Amino acid sequence: MKILFLHLSDAHLTQETNLSEINTNAIVNSLSQMGNFDECVLVFSGDIANSGNENEYKVAGRMFGRIIKGIIDKYFDGNKHIQTLIVPGNHDNLVGNPDRKREEIIGFYKDKKTESHYYDDLVELDNFFDFANRNYCFSRNKNIEIRSLRFGSFMIKVNLINSAPFSLLKSENGDKGLHYIPSREISKFDFDRQENYTISIIHHGPEWFADETKKSLYNKFYESTDLLFVGHEHFSLNETKTVNGRQIDVSSGAALYGTKTEHGFNALILDTNAASLIGYKFIYNGRIYKPSKEPVIKNENIIFKGNINLRIHLRIKNILKVILNNEKVITIWIILFSHRLKQKI
């Protein structure tokens with residue numbers, strides 16, 4: 001089975017945004033270059049709106065609707081449910097206080113009132129949560145919500161992480177090192193859903209958080225997340241990291257719209273049969289979204305959890321890969337086979 005993840009981020013939509021400038025049809029059409037896929041998941045890693053205004057999410061709803069309908073019509077003959085996974089960013093926050101300064105947030109830490117201010121900040125996300133609830137996200141928890149996606153017998157655990165509190169709008173990096181999530185919320189990562197694969201979605205990467213939260217997030221990601229989707233940086237820096245013998249793939253989203261940087265998205269295919277993840281970056285040239293010449297993520301050694309058949313398949317695949325890439329092993333096999341054949345004759 002091949003699952004396509006369409007990773008969008010940082011659209012910064014306003015009431016006046018003309019969706020023809022984003023060219024949703026071109027997004028849909030570009031996915032044909034990913035080859036065949038059996039399922040599709042739409043991931044949006046924050047900054048959907050530009051200032052958290054209610055009407056901006058109406059524009060977002062139209063954009064999501066066009067993309068989802070386009071994918072269903074073009075690739076699934078009009079008959080498929082596409083999962084939508086979204087998290088908030090700094091531009092989805094701060095409706096009531098766009099002029100907040102870094103010193104104010106530092107004061108929360110000095111006064112040891114980070115937790116109370118954190119929950120106060122959640123109120124500023126009400127318009128986002130209304131939009132998220134319509135997409136079945138953050139309906140049970142506004143901090144970290146754990147969901148499951150099931151495709152046949154294959155299960156994906158989803159960690160939706162709200163990094164928007166303690167954000168600043170009018171400072172490039174003024175809130176770096178100041179973001180916060182209560183430790184009891186982070187402990188939700190430990191909830192076991194008997195998943196085969198785990199994805200986490202967050203707008204701000206761990207480096208944007210204060211030390212204690214940053215350390216906890218890094219530990220949780222490296223312990224259990226297989227694929228991490230992040231936004232905020234406005235450029236696509238994708239990689240596969242190995243930490244303590246365990247691999248984690250990172251899809252960092254380019255800005256979709258509303259910045260002076262290049263605009264685009266990432267598309268990745270998780271192949272549960274081949275135990276691989278292959279991803280490309282697509283950049284808009286004013287007419288089409290053009291894919292990168294080479295994969296920006298290429299992991300052909302994924303170890304799925306829980307399903308013994310998947311693990312056996314991966315082991316056989318790796319053994320065959322070693323054999324086929326080793327001339328000495330092939331020669332020994334040929335000699336042994338020839339010797340046994342002579343004995344029978």
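Here, every reference points to the structure presented above.
Cut-offs and rules
- Residues numbered from 1 in each chain as written.
- Predicted model: local features only at pLDDT ≥ 70, side-chain atom pairs only at ≥ 80, totals over all residues.
- Heavy atoms only, no water.
- Core = buried A, V, L, I, M, F, W, Y, C linked by side-chain atoms within 4.5 Å.
- Buried < 20%, exposed > 50% of the residue type's maximum accessible area, 1.4 Å probe, protein only.
- Helix = DSSP H or I, 4+ residues; strand = E, 2+ residues; numbered from the N terminus.
- Contact = heavy atoms within 4.5 Å.
- Polar contact = N/O pair within 3.5 Å; in protein donor to acceptor, adjacent residues only side chain to side chain.
- Expected span 1.5 Å × (residues − 1).
- Phe/Tyr/Trp six-rings, centres within 6.5 Å; stacked < 30°, edge-to-face > 60°.

**Q** Is there a simple way to explain the nonpolar core in this structure?
**A** Where a protein is soluble and globular, its nonpolar side chains tend to be buried together. Within the largest apolar cluster, 92 residues are counted, with the highest numbers of intra-cluster contacts made by Phe5, Ile48, Ile156, Tyr197 and Ile199. The element that contributes the greatest number of residues to this core is helix α3 (residues 54-75), accounting for 9 residues.

**Q** Teacher, can you tell me more about the environment of Arg140 here?
**A** By secondary structure assignment, the location of Arg140 is in the loop between α6 (126-134) and β4 (144-151). Judged by relative accessible area, which is 58%, Arg140 ranks as exposed. Apart from residues lying up to four places away in sequence, Arg140 is in contact with Glu145, Ile146 and Arg147. Within the structure, Arg140 has its side chain in polar contact with the backbone oxygen of Ile146 (distance 3.1 Å).

**Q** Would you explain α3 in this entry?
**A** Because an α-helix packs 3.6 residues into every turn, residues spaced three or four apart end up facing the same way. When the terminal C-alpha atoms of α3 are compared, their 32 Å separation across 22 residues agrees well with the 32 Å that a helix rising 1.5 Å per residue should span. Along α3, the residues classified as buried are Glu56, Tyr57, Val59, Ala60, Met63, Phe64, Ile67, Ile68, Gly70, Ile71 and Ile72. Looking at the buried residues of α3, the elements they touch are β1 (2-8), α1 (19-22), α2 (24-30), β2 (39-45), β3 (83-87) and α6. For α3, the side-chain oxygen to backbone nitrogen distance between the N-cap and Asn55 is 2.8 Å, and the N-cap itself is Asn53. Phi for Asp77, located one or two positions after α3, is positive at around 55°.

**Q** Looking at this model, I keep getting lost on the side chain of Ser252. Mind explaining?
**A** Mapping Ser252 onto the fold places it in strand β9 (residues 246-252). Judged by its relative accessible area of 5%, Ser252 falls in the buried class. In contact with Ser252, other than residues within four places in its own chain, are His7, Val230, Phe235, Ser236, Leu237, Asn238 and Asn266.

**Q** What should I look at first to understand the packing of aromatic side chains in this one?
**A** Following the criterion strictly, the structure yields 23 aromatic pairs and no others. Their ring planes at 50° and their centres at 5.3 Å tell us that Phe108 and Phe166 sit as a pair that is tilted. In this pair, Phe108 is assigned in helix α4 (residues 102-110) and Phe166 in the loop between β5 (154-161) and α7 (183-186), connecting sequence segments 58 residues apart. The exposure classification of Phe108 matches that of Phe166, with both residues buried.

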